[in-house]
Amino acid sequence: MSIIAFVDSYQKKIKKSAFEVVSYAKNIADQSGKGLKVVAFNVDDVSELEKYGATDIIKVNDAQLDAFSAKTYAEALLSVTEGSIYVLSHSNMGSSIGAFLSIKKQATLITNVLSIPSSMSPFTVKRKSFSGKGIMEVTAATDQIVVTVMPNSFGAQEAAGTGSISEASATTSGNTITVNSIAETSGKVSLKEADIVVSGGRGLKGPENWGMVEELADLLGAATACSKPVADIGWRPHSEHVGQTGIALAPNLYIAIGISGAIQHLAGVNASKKILVINNDPEAPFFKAADYGVCGDAFEVVPALIEKIKAAKA
Amino acid sequence: MKILVCISSVPDTTSKINFTTDGKEFDKNGIQFIINPMDEFSLTKAIFLQASAGATVTVLGVGDASIEPVLRKALAIGANDAIRVNGTAIDSNFVAAQIAKVVKEGAYDLVLTGKESLDYNGGVIPAMVAAHTDYNFINACVGLEVDGTNVTADRDLDGSRESVSFTLPAVVAGQKGIVEEKDLKIPNMRGIMQARSKPLNVVEPTDASASLTVVGYEKPVAKSAVKMVSPDNLDELVTLLREDAQAF
């Protein structure tokens, strides 16, 4: 049976994490010598998936799938293809579908996966635990497996080859969730999937000072975020709260401005590939977790940094 | 309305995490255990529904006797009674099977949980319980209103927020927003005294196998020493961002 990759999408467009999921699934398919099938629901254009090794793409267009329901999605996925290993993103959507798949198929569910498997039989892989303060290696007890990949942990990897795109009709027991309204909570760049995140803390002294955070983020094509106290005070929305009780991230670069680095915040960002900390307190614990540090007044450092990056990009 | 709130007992968020020297187990020495913060938001919502809709609130935990202080705290916050499934929480498959059995036997209308526990971070038990019970399910709930059997809820869906409607019975996985942090219930002395006499029923686990075996634990690779850059020499930082971090 094939390896199945599920494509996360939003308003008929493929999410960035889906390319990573396809890359991960292709790696497993190559390792195991099995075929790869990529399934997308209600997506307008799936051709970009081919760049990442998707040679067998199944498109499902069905009004029942307009409202997200984990049960309906899992049923639809199982109705169009059968696989031995299902790969999804560890997003709210992907992990919910993965849970339903695992129960319906009596498969082993492994979430928050950080790397490719060290063994295919038995399937053995590393996953996040303790909010990033630990990593655990686990082995699956069954041959049927559902994997959810932590965004930005494996990366999207282009692979040569062209494929076929087919359309299929899904069978479900019916969707019982109705969507009344949708509002975007991310800025221009989705926080959880962003390559670069610029984040502000209480050191920024007030919401009126977020302009320079947004300007730096715009310049770098980054998402914006904040520490928990900032969200609690109401300077920024909770949807931007990064940390142990907020969103956990693994961007290529995390820029922390005016954030001291409490253990709960570090837990949410310590999977970042590189961390830059800008803080005027030389004793800020965040410096110990950083790759680059600037000890100085954020209100002087950040505008100057913006100008220098602009000049370097010109 | 019968509400079941599933509680996980997790290390305090300020805990430094250690593993046994052979890397096979989590080292509990010196760790203070608390109600999983995301569960606490859902518990508080249940207590609000207890007051506004006359609901009964049962809290449920899967674990040995060491999790009882956490269940007693939930009783002190206002839950009517508690159930402890006397088993070791081996993996999400095992725990979800235990919760689903209690849900079916108790015919609960609404199952509230946290979106994720802060120890093993699976974030899948609520959906697994819904799959076992065939209840409606929404994840990452940041707003919940119940009117009879009709539910309206707000959920985070990875960059968007949706208002959705569905009917009970349902499993709802909550997080901050289902109630605000300032509204979290703190046990008072009266609640603590009452909790001592509230029922805490211990039931034996149903037969369910774990599907995962832990090979071992490790800590993330420690970062090398920070490269400090003078605020007067930001050109050096720009070079690092461009060439080392490949930020632009």
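It should be emphasised that the depicted structure is a prediction, and the values quoted were computed from it without experimental measurement. (Residues numbered from 1 in each chain as written. Chains lettered and ligands numbered in written order. Predicted model: local features only at pLDDT ≥ 70, side-chain atom pairs only at ≥ 80, totals over all residues. Heavy atoms only, no water.)

## Overview of the interface of chain B and chain A
How big an interface is tends to be stated in terms of accessible area lost as the parts join. The partner chain A presents 82 residues to the 75 residues of chain B that form the contact. Seen at the junction of chain B and chain A, the total is seven salt bridges. Seen at the junction of chain B and chain A, the total is 42 residue pairs in polar contact (both at pLDDT 80 or more). Elements supplying a minimum of two residues to the side of chain B that touches chain A: α1 (37–53), α4 (125–133), β7 (136–147), β8 (150–156), β9 (160–167), β12 (212–218), β13 (227–228) and α6 (234–244) of chain B. Here the side of chain B that touches chain A takes eight residues from α6 of chain B, the largest share from any one element. Of the residues contributing to the side of chain B that touches chain A, the split by class is 38 nonpolar, 18 polar and 19 charged. The pairing of strand β18 (residues 292–295) of chain A with β13 of chain B spans two bridges and is parallel. (Contact = heavy atoms within 4.5 Å. Salt bridge = Lys/Arg side-chain N within 4 Å of Asp/Glu carboxyl O. Polar contact = N/O pair within 3.5 Å; in protein donor to acceptor, adjacent residues only side chain to side chain. Helix = DSSP H or I, 4+ residues; strand = E, 2+ residues; numbered from the N terminus. Nonpolar A, V, L, I, M, F, W, Y, C, P; charged D, E, K, R; others polar. Pairing = 2+ DSSP bridges.)

## A closer look at the packing of aromatic side chains
Applying the stated criterion to the full structure yields 14 aromatic pairs over all chains. Plain terms: the ring middles of Phe6 of chain A and Tyr73 of chain A are 6.2 Å apart, the flat faces sit at 70 degrees to each other, and that makes the pair edge-to-face. In this pair, Phe6 of chain A is assigned in strand β1 (residues 2–7) and Tyr73 of chain A in helix α2 (residues 70–80), connecting sequence segments 67 residues apart. Among the aromatic side chains, those forming a connected cluster through ring pairs are Phe130 of chain A together with Phe19, Phe26, Tyr120 and Tyr217 of chain B. Note that Lys2 of chain B overlies the ring of Tyr108 of chain B, its terminal NZ or CZ placed 4.7 Å from the centroid. (Phe/Tyr/Trp six-rings, centres within 6.5 Å; stacked < 30°, edge-to-face > 60°. Lys NZ or Arg CZ within 6 Å of the ring centre and 35° of its normal.)

## Regarding empty space enclosed by the protein
Evaluated as defined, the whole model comprises two cavities of 30 Å³ or more. The computed volume of the largest cavity comes to approximately 60 Å³. What lines the largest cavity is simply Asp8, Lys15, Ser17, Ser89, Ser91, Pro151, Ser190, Lys192 and Glu193 of chain A together with Asp158 of chain B. Tallied by class, residues from the lining of the largest cavity come to one nonpolar, four polar and five charged. Reported here for the second largest cavity is a volume of approximately 40 Å³. Around the second largest cavity, the lining residues are Phe130, Lys133 and Gln244 of chain A together with Pro11, Asp12, Thr13, Ile17 and Leu118 of chain B. (1 Å grid on protein atoms, 1.4 Å probe; cavity = no way out; pocket = protein on both sides within 12 Å on 5 of 7 lines; lining within 4 Å. Points joined across faces, edges and corners; volume = space filled by probe spheres on them.)

## Considering the pattern of salt bridges
Close approach of charged atoms lets side chains of opposite charge pair. A complete count under the given rule lists 25 salt bridges over all chains for this structure. Asp232 of chain A is the partner of Lys176 of chain B in a salt bridge, and the nearest nitrogen-oxygen pair spans 2.8 Å. Here Lys176 of chain B is found in the loop between β10 (170–174) and α5 (189–197), whereas its partner Asp232 of chain A is found in helix α5 (residues 228–233) on a different chain. Given the relative accessible area of 9%, Lys176 of chain B is considered buried. Taking relative accessible area as the criterion, Asp232 of chain A reaches 36% and is therefore assigned partly exposed. Glu162 of chain B is paired through a salt bridge with Arg155 of chain B; the nearest N and O atoms lie 2.8 Å apart. With respect to class, Glu162 of chain B is no different from Arg155 of chain B; both count as buried. Bridged by salt links that share partners, the residues Lys228 and Asp232 of chain A together with Lys176 and Glu181 of chain B form one connected network. (Buried < 20%, exposed > 50% of the residue type's maximum accessible area, 1.4 Å probe, protein only.)

## Some words on the nonpolar core
Generally speaking, nonpolar side chains in soluble globular proteins are found buried as a group. Formed by 54 residues in total, the largest nonpolar core has its most connected members in Phe41, Ile97 and Leu101 of chain A. The next biggest cluster of nonpolar side chains, apart from the first, holds 41 residues, and it includes Ala18, Tyr52, Val87 and Val138 of chain A. (Core = buried A, V, L, I, M, F, W, Y, C linked by side-chain atoms within 4.5 Å.)

## Notes on the sheet that holds strand β14 (residues 196–200) of chain A
Pairing is parallel across the open sheet formed by six strands, whose spatial order is β15(A)-β14(A)-β16(A)-β17(A)-β18(A)-β13(B). The open sheet is flanked by β15 (223–226) of chain A together with β13 of chain B, the only strands paired with a single partner. The pairing of β14 of chain A with strand β16 (residues 253–257) of chain A spans five bridges and is classified as parallel. Pairing of Val198 of chain A across the sheet is with Ile255 of chain A, part of β16 of chain A. Against the sheet, α6 of chain B engages β16, β17 (274–279) and β18 of chain A together with β13 of chain B, with an angle of about 160 degrees to β18 of chain A. (Axes fitted to C-alpha atoms, helices over the stretch in contact; angles between N-to-C directions.)

## Here we look at the environment of Lys34 of chain A
Residue and element names in this part refer to chain A. Mapped onto the elements of the fold, Lys34 is located in the loop between α1 (16–32) and β4 (36–41). For Lys34, a relative accessible area of 36% gives the class partly exposed. Residues Lys34 and Ile14, spaced 20 residues apart in sequence, show a C-alpha to C-alpha distance of 24 Å.

## Comments concerning a nonpolar patch on the surface
All names here are of chain B. Side chains of Met189, Ile192 and Met193 sit close together on the surface and give an oily, nonpolar patch of about 300 Å² of accessible area. Following the sequence through the fold, Ile192 ends up in helix α5. For Ile192, a relative accessible area of 34% gives the class partly exposed. (Patch = residues over 30% accessible without salt bridge, like charges linked within 9 Å, V, L, I, M, F, W, Y side chains within 5 Å. Areas by Shrake-Rupley, 256 points an atom, 1.4 Å probe, with all protein chains shown as cover.)

## A few points about the layout of surface pockets
Taken as a whole, the largest pocket encloses approximately 1300 Å³ of empty space. Ala89, Ile90, Val95, Asp119 and Tyr120 of chain B are the residues nearest the centre of the largest pocket, which is lined by 50 residues in total. Among the secondary structure elements, those contributing two or more residues to the lining of the largest pocket are β7 (108–113) of chain A together with β2 (9–11), β4 (56–62), α2 (68–77), α3 (92–106), β6 (110–114), α4 and β12 of chain B. Taken together, the residues of the lining of the largest pocket sort by class into 24 nonpolar, 16 polar and ten charged. Considered as a void within the structure, the second largest pocket measures approximately 1100 Å³ in volume. Of all the elements in the fold, those that place two or more residues in the lining of the second largest pocket are β10 (134–140), α6 (263–269) and α7 (286–289) of chain A. Looking at which element gives the most residues to the lining of the second largest pocket, the answer is α6 of chain A, with five residues.

## Describing the pairing of β14 of chain A
All names here are of chain A. Most of β14 sits out of view: five of its five residues are buried. Of the two faces of β14, both are covered, the one formed by Ile196, Val198 and Gly200 as well as the one formed by Val197 and Ser199. Across four bridges, the pairing between β14 and β15 is parallel. Within β15, the position partnered with Gly200 by the bridge is Cys226. Handedness of the β14-helix α4 (residues 211–220)-β15 crossover: right-handed. (Right-handed = clockwise from strand over helix to strand, strands pointing away.)

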